[in-house]
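The chain contents come next:
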Amino acid sequence: MTLTRLDEVTNVVLAPNPSPLTLDGTNTYLLGAPGCGEVIVVDPGPDLLQHRQAVDAAAAGMDATIAAVVLTHHHADHAEAAGWATDWGVQVWTFTPSFVQLPAAPLHDGEQLTRAGVTLEAVHTPGHASDHLCLRVCQTDVVLSGDHVLGRGTTVVAWPDGDMAAYLASLRRLAACDATALYPGHGPVLGDPAAAIARYLAHREKREAAVLAALAAGDATPAQVVVRVYADVDPVLHPAAERTVRAQLAKLCNEERITRALDPGGGESDSYRVR
Ligand SMILES: [Zn+2]
């Protein structure tokens, strides 16, 4: 079992689902005040027996039972195992309950949830997904950043549920949280949140400029843009990159900086050009 203690109230169990998108695997966080006998589980992760046993063993090792399950967002690598909450007899909390296939309670922007001697404050950060929450741990001022900011590399803006303009606004919102550290959904802890967020914003600006340059150079479809702009990225990630490119193109269309061509039938085609 890969259980790591990060601070006085936070432990992490690494799920065995490594991949190019999930990095080393999903980080499942267990939060609770020492000796209180309870923990909150944030992002139970993939529904794998080995991971379930690791999470149960970690809680047992802390002499704790599970008091609540909280999701940063509905993607399967974070939420597939939310059903474990039924076995544990606890509530699932998430921004958009209808996105998960089980009874869950809404955790709205700015709302605080106190369990296991820990208070989590929900910070709605749409962009990667429309229901994405970052969770501020009020006891430590650490922010659990889910897939909004990862421990390594950059994240996908998963169009059409994901939204690029919202993503950029959410990065600025996270910066304003002034976190002492970011504990991401994948990858290692980020000890300098301001630097990480600045790097993410700069990366998005660079990619936007590259998308505009690709259109100016004659690329028209999202797939063509991906081949040129993501030439430095493992092709296995190109389908994910295409979702981010589509989010980028939608943002540029909304800003009237590019136009979407019409197909011969008068409907919108999948071709774009700079205005
Ligand atoms: Zn993820």
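Definitions and cut-offs
- Along each chain, numbering runs from 1 in the same order as the chain's sequence is written.
- Given that this is a predicted model, residues contribute local features only at a pLDDT of at least 70 and side-chain atom pairs are listed and counted only at 80 or more, while totals for whole chains, interfaces and linings are drawn from all residues.
- Excluded from the side-chain calculations are hydrogens and water; all other atoms, namely the structure's heavy atoms, are used.
- Runs of H or I in DSSP of at least four residues are treated as helices and runs of E of at least two as strands, each being numbered from the N terminus.
- Three exposure classes are used, based on accessible area relative to the maximum for each residue type with a 1.4 Å probe and protein chains only: buried under 20%, partly exposed in between, and exposed over 50%.
- Water is not among the atoms examined, so metal sites may look incomplete; donors are the N, O and S atoms within 2.8 Å of the metal, or within 3.2 Å for Na, K and Ca.
- By this rule, a helix spans an expected 1.5 Å times one less than how many residues it contains.
- Note on contacts: a residue pair is in contact if any heavy atoms of the two residues lie within 4.5 Å.
- Strands are labelled as partners when DSSP assigns at least two bridges between them.
- Axes here mean lines fitted to C-alpha atoms, for a helix over just the part in contact, with angles spanning 0 to 180 degrees between N-to-C directions.
- Centre distance within 6.5 Å is the pairing criterion for rings of Phe, Tyr and Trp, where only the six-membered ring of Trp is used; planes under 30 degrees apart are then read as stacked, over 60 as edge-to-face, and the remainder as tilted.
- Both a distance and an angle decide whether a charge sits over a ring: NZ of Lys or CZ of Arg must be within 6 Å of the ring centre and within 35 degrees of the ring normal.
- Salt bridges are defined as contacts in which a side-chain nitrogen from Lys or Arg sits within 4 Å of a carboxyl oxygen from Asp or Glu.
- Domain ranges listed in this record stem from an automatic or a database domain assignment.
- The term buried area refers to how much accessible surface (probe radius 1.4 Å) is lost by two components on association, counted for both of them together.
- Residues adjacent in sequence count toward polar contacts only when both atoms are side-chain atoms; beyond that, a polar contact is any pair of N or O atoms within 3.5 Å, and within protein one must be able to donate a hydrogen and the other to accept it.
- When residues are sorted by character, Ala, Val, Leu, Ile, Met, Phe, Trp, Tyr, Cys and Pro go into the nonpolar class, Asp, Glu, Lys and Arg into the charged class, and all the rest, Gly among them, into the polar class.

J.: What am I meant to see in unusual backbone geometry here?
T.: A cis amide bond links Trp-159 with the next residue in sequence, Pro-160, at an omega value of 5°. Its location among the elements puts Pro-160 in the loop between β11 (142–146) and α4 (164–176). Positive phi values are uncommon outside glycine, yet Ala-116 reaches one of about 55°. Structurally, Ala-116 can be placed in the loop between β8 (112–115) and β9 (118–124). Using a relative accessible area of 4% as the deciding quantity, one classes Ala-116 as buried. Its identity as a non-glycine residue notwithstanding, Glu-256 has a phi of 60°, on the positive side.

J.: Help me understand the coordination of the zinc ion, please; the structure alone is not making it clear to me.
T.: Four donors placed tetrahedrally about a metal ideally form angles of 109.5 degrees, and six donors placed octahedrally ideally form angles of 90 or 180 degrees. Only Asp-77 (OD), His-78 (NE2), Asp-147 (OD) and His-186 (NE2) from the protein coordinate the zinc ion, and they sit 2.0 to 2.2 Å from it. Donor residues binding the zinc ion come from one chain and are separated in sequence as D-H-x68-D-x38-H. With a gap of 70 residues between them, Asp-77 in helix α2 (residues 76–79) and Asp-147 in the loop between β11 and α4 connect regions that are remote in the sequence. With respect to burial, Asp-77 and Asp-147 carry one shared label: buried.

J.: Even after reading the chapter, I still don't get helix α5 (residues 193–216), so can you show me in this structure?
T.: Along an α-helix, a turn takes 3.6 residues, which lines up residues three or four apart on a common side. Between its terminal C-alpha atoms α5 stretches 35 Å, which fits the 34 Å expected from 24 residues at 1.5 Å a residue. Regarding α5, the residues found buried are Pro-193, Ala-196, Ile-197, Tyr-200, His-203, Arg-204, Arg-207, Glu-208, Val-211, Leu-212, Ala-214 and Leu-215. Where α5 is buried, its residues contact α4, β12 (181–184), α6 (222–229), α7 (238–254), β13 (258–262) and β14 (268–274). Just downstream of α5 lies Gly-218, where phi reads positive at about 115°.

J.: Sorry if this is basic, but what is going on with the sheet that holds strand β1 (residues 3–7) here?
T.: Neighbouring strands of a sheet are bound in pairs by backbone hydrogen bonds; such pairs are parallel or else antiparallel. Judged by pairing direction, the sheet is mixed, and its seven strands sit side by side in the order β1-β2-β3-β4-β5-β6-β7 without closing on themselves. Single-partner strands in this sheet number two, and they are β1 and β7 (105–106). Summarising the sheet, strand β5 (residues 65–70) and strand β6 (residues 92–94) pair through two bridges and their orientation is parallel. When the sheet's bridge partners are listed, Val-69 is paired in β6 with Val-92.

J.: In this structure, what is going on with the sheet that holds β9? I would like to understand it.
T.: The strand order β8-β9-β10-β11-β12 describes an open sheet built from five strands, whose pairing is mixed. Strands with a single pairing partner mark the edges of an open sheet, and in this sheet they are β8 and β12. Neighbour-to-neighbour, the strand axes of this sheet turn through a mean angle of 25°, independent of strand direction. For strand β10 (residues 133–137) and β11, the ladder comprises three bridges, and the chain directions are antiparallel. Bridged to Leu-135 within β11 is Leu-144.

J.: Teacher, can you tell me more about the packing of aromatic side chains here?
T.: Following the criterion strictly, the structure yields two aromatic pairs and no others. Between Tyr-29 and Tyr-183 the ring centres are 6.0 Å apart and the planes differ by 20°, which places this aromatic pair in the stacked class. Of the two residues, Tyr-29 sits in strand β3 (residues 27–31) while Tyr-183 sits in strand β12, which places them 154 residues apart along the sequence. Classification of Tyr-183 as buried rests on a relative accessible area of 5%. Both rings, one in Trp-84 and one in Trp-88, keep their centres 5.9 Å apart while their planes meet at 70°; by these two values the pair is edge-to-face. Taken together, the positions of Trp-84 and Trp-88, both in helix α3 (residues 84–88) and four residues apart, correspond to about one turn of that helix. Pair check on accessibility: Trp-84 and Trp-88 agree, each one buried. Arg-207 extends its terminal NZ or CZ atom over the ring of Tyr-230, reaching a point 4.2 Å from the ring centre.

J.: It is not clear to me how the pattern of salt bridges should be interpreted in this structure. Could you clarify?
T.: Where side chains of opposite charge bring their charged atoms close, a pairing between them can arise. Using the criterion set out here, one finds 14 salt bridges in the structure. Among the salt bridges present, the one from Arg-246 reaches Glu-242, with a minimum N-O distance of 3.2 Å. With Arg-246 and Glu-242 both in helix α7, this residue pair falls four residues apart, about one helical turn. Among the salt bridges present, the one from Glu-255 reaches Lys-251, with a minimum N-O distance of 3.0 Å.

J.: Looking at this structure, I do not really get the domain arrangement of the protein. What am I missing?
T.: Many structure descriptions define interface size as the accessible area lost when the parts assemble. Domain assignment breaks the protein into domain 1 (3–191) and domain 2 (207–274). Contacts between domain 1 and domain 2 engage ten residues on the former and ten residues on the latter. Summed over both partners, the interface of domain 1 with domain 2 buries about 890 Å², with 75% contributed by carbon and sulfur atoms. Its largest share of buried area at the contact with domain 2, domain 1 owes to Pro-20, Trp-159 and Met-164, together 59% of the area lost on that side. In this structure, the connection of domain 1 to domain 2 is made through zero salt bridges. At the junction of domain 1 with domain 2, the criterion picks out two residue pairs in polar contact (both at pLDDT 80 or more). Its residues assigned to classes, the side of domain 1 that touches domain 2 shows ten nonpolar, no polar and no charged.

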